Amino acid sequence: MARAERLLDLIQEFRRHRTPVSGAKLAATLGVSLRTLYRDIAALQAQGADIQGEAGVGYVLKPGFLLPPLMFAEEEIEAFVLGMRFVASHGDPALRHAAEGVLAKVATVLPADLKAGLDGSTLLASGLKHTGERIDLALVRRAIRTERKLTIAYADGTGQASERTIWPFALGFFEKVRVLIAWCELRQDFRHFRTDRIEDVTVLDERYPSRRAGLLKTWREKEGIRTHADRS
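Below is a short write-up of the structure. The structure presented is a predicted model; accordingly, all values stated were derived computationally and were not measured. (Residues numbered from 1 in each chain as written. Predicted model: local features only at pLDDT ≥ 70, side-chain atom pairs only at ≥ 80, totals over all residues. Heavy atoms only, no water.)

### Some remarks on helix 3 (residues 34-46)
Look at helix 3: 18 Å from first C-alpha to last across 13 residues, which is about the 18 Å you get at 1.5 Å a residue. All of the buried residues along helix 3 are Thr-36, Leu-37, Asp-40, Ile-41, Ala-43 and Leu-44. Along the long axis of helix 3, the arc covered by the buried residues comes to 160°, so they all point the same way. For helix 3, the exposed residues lying more than 90 degrees away from the buried face are Arg-35 and Ala-46. Tucked inside the fold, the buried residues of helix 3 contact helix 1 (3-15), helix 2 (23-30), strand 1 (51-54) and strand 2 (58-61). Gly-48 sits one or two positions beyond helix 3 and adopts a positive phi of about 110°. (Helix = DSSP H or I, 4+ residues; strand = E, 2+ residues; numbered from the N terminus. Expected span 1.5 Å × (residues − 1). Buried < 20%, exposed > 50% of the residue type's maximum accessible area, 1.4 Å probe, protein only. Arc of directions from axis to C-beta. Contact = heavy atoms within 4.5 Å.)

So, in structure tokens, the structure goes:
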């Protein structure tokens with residue numbers, strides 16, 4: 001394996017781990033010796049990668065180190081294109097516009113042979129067929145990012161109306177519906193709200209007391225949803 005490719009693989013492996021990972025595990029995953037791994041880590045640090053840790057403790061890559069996407073494998077390109085096409089078909093207007101912009105930006109930095117794979121991908125994502133929302137999902141996504149409480153006017157499947165104060169932490173985009181996942185203060189439990197049944201939404205100044213990542217982790221555990229980190 002060429003050294004440049006090996007360094008890129010090491011960066012990708014770091015990005016799969018949010019917590020420190022041991023040198024032995026990294027070396028085993030990449031199929032190199034510990035000595036080679038330590039040299040590669042030193043090389044990346046010299047190039048500006050903020051890799052913190054030490055032998056026997058573990059290493060973690062801090063956010064902010066970017067490499068141009070010039071070494072995609074064919075299947076990686078297809079996975080990327082399919083993902084962006086899915087967002088362009090299933091996202092709200094702001095996300096659709098963002099997905100189209102991401103595709104355009106990546107196309108400008110790829111070499112010609114890889115750009116051909118980007119333009120010629122035959123993996124397609126169907127358009128979303130659902131009833132329209134009355135609310136602005138961009139507003140909801142901002143509330144999730146800033147961990148703000150929402151009050152919503154909601155009608156369930158029987159048409160029964162209620163007003164809830166919720167802690168939003170995730171949005172699910174499915175074939176026919178979009179679902180807001182939140183902690184409901186009224187029910188004192190996690191609840192799933194179809195966005196097309198939310199009649200009104202107000203973002204409160206008050207931040208909810210838990211962290212978004214913690215809520216998501218607890219919800220996944222309750223739902224029995226395993227993540228990539230759980231499987232590795």
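### A word on the packing of aromatic side chains
Per the stated rule, a full pass over the model turns up seven aromatic pairs. Here Trp-167 and Trp-183 contribute two aromatic rings whose centre-to-centre distance is 6.1 Å and whose plane-to-plane angle is 35°, an arrangement assigned as tilted. Of this pair, Trp-167 sits in strand 4 (residues 161-173) while Trp-183 sits in strand 5 (residues 178-184), placing them 16 residues apart in sequence. Residue class for Trp-167 comes out buried when judged on its relative accessible area of 12%. A relative accessible area of 17% means that Trp-183 is categorised as buried. Between the aromatic rings of Phe-169 and Trp-219, the centroid separation amounts to 6.3 Å while the plane-to-plane angle is 65°, which identifies the pairing as edge-to-face. Separated by 50 residues along the polypeptide, Phe-169 in strand 4 and Trp-219 in helix 8 (residues 212-223) bring together distant segments of the chain. For the pair shown, Phe-169 and Trp-219 are each scored as buried. (Phe/Tyr/Trp six-rings, centres within 6.5 Å; stacked < 30°, edge-to-face > 60°.)

### With respect to the environment of Thr-195
If you trace the backbone, Thr-195 turns up in the loop between strand 6 (189-194) and strand 7 (198-207). The class for Thr-195 is buried, based on a relative accessible area of 1%. Sequence separation of Thr-195 and Glu-133 is 62 residues, and the distance between their C-alpha atoms is 6.2 Å. Contacts of Thr-195, omitting those with residues within four sequence positions, involve Glu-133, Ile-135, Leu-137, Leu-171, Arg-178, Val-179 and Leu-180.

### Some details on unusual backbone geometry
We note that Glu-147 has phi near 60°; this positive angle belongs to a residue other than glycine. Note on placement: Glu-147 falls in the loop between helix 7 (137-146) and strand 3 (148-155). Its identity as a non-glycine residue notwithstanding, Gln-188 has a phi of 50°, on the positive side. Looking at where Gln-188 falls in the secondary structure, it is placed in the loop between strand 5 and strand 6. Taking the relative accessible area as the measure of exposure, Gln-188 reaches 51% and is therefore exposed.

### What to know about the sheet that holds strand 5
Across the sheet, which stays open at both edges, the five strands sit in the order 6-5-4-3-7 with antiparallel pairing between neighbours. Here the strands that pair on one side only, and so sit at the sheet edges, are strand 6 and strand 7. Each neighbouring strand pair of the sheet contributes to a mean axis angle of 45°, computed without reference to strand direction. With six bridges connecting them, strand 3 and strand 4 associate as antiparallel partners. Its bridge partner lying in strand 4, Ile-152 is registered against Arg-164. Contacts from helix 7 reach strand 3, strand 4, strand 5 and strand 7, with the element oriented near 80° to strand 4. Helix 8 contacts strand 4, strand 5 and strand 6 of the sheet and is inclined by roughly 90° relative to strand 6. (Pairing = 2+ DSSP bridges. Axes fitted to C-alpha atoms, helices over the stretch in contact; angles between N-to-C directions.)

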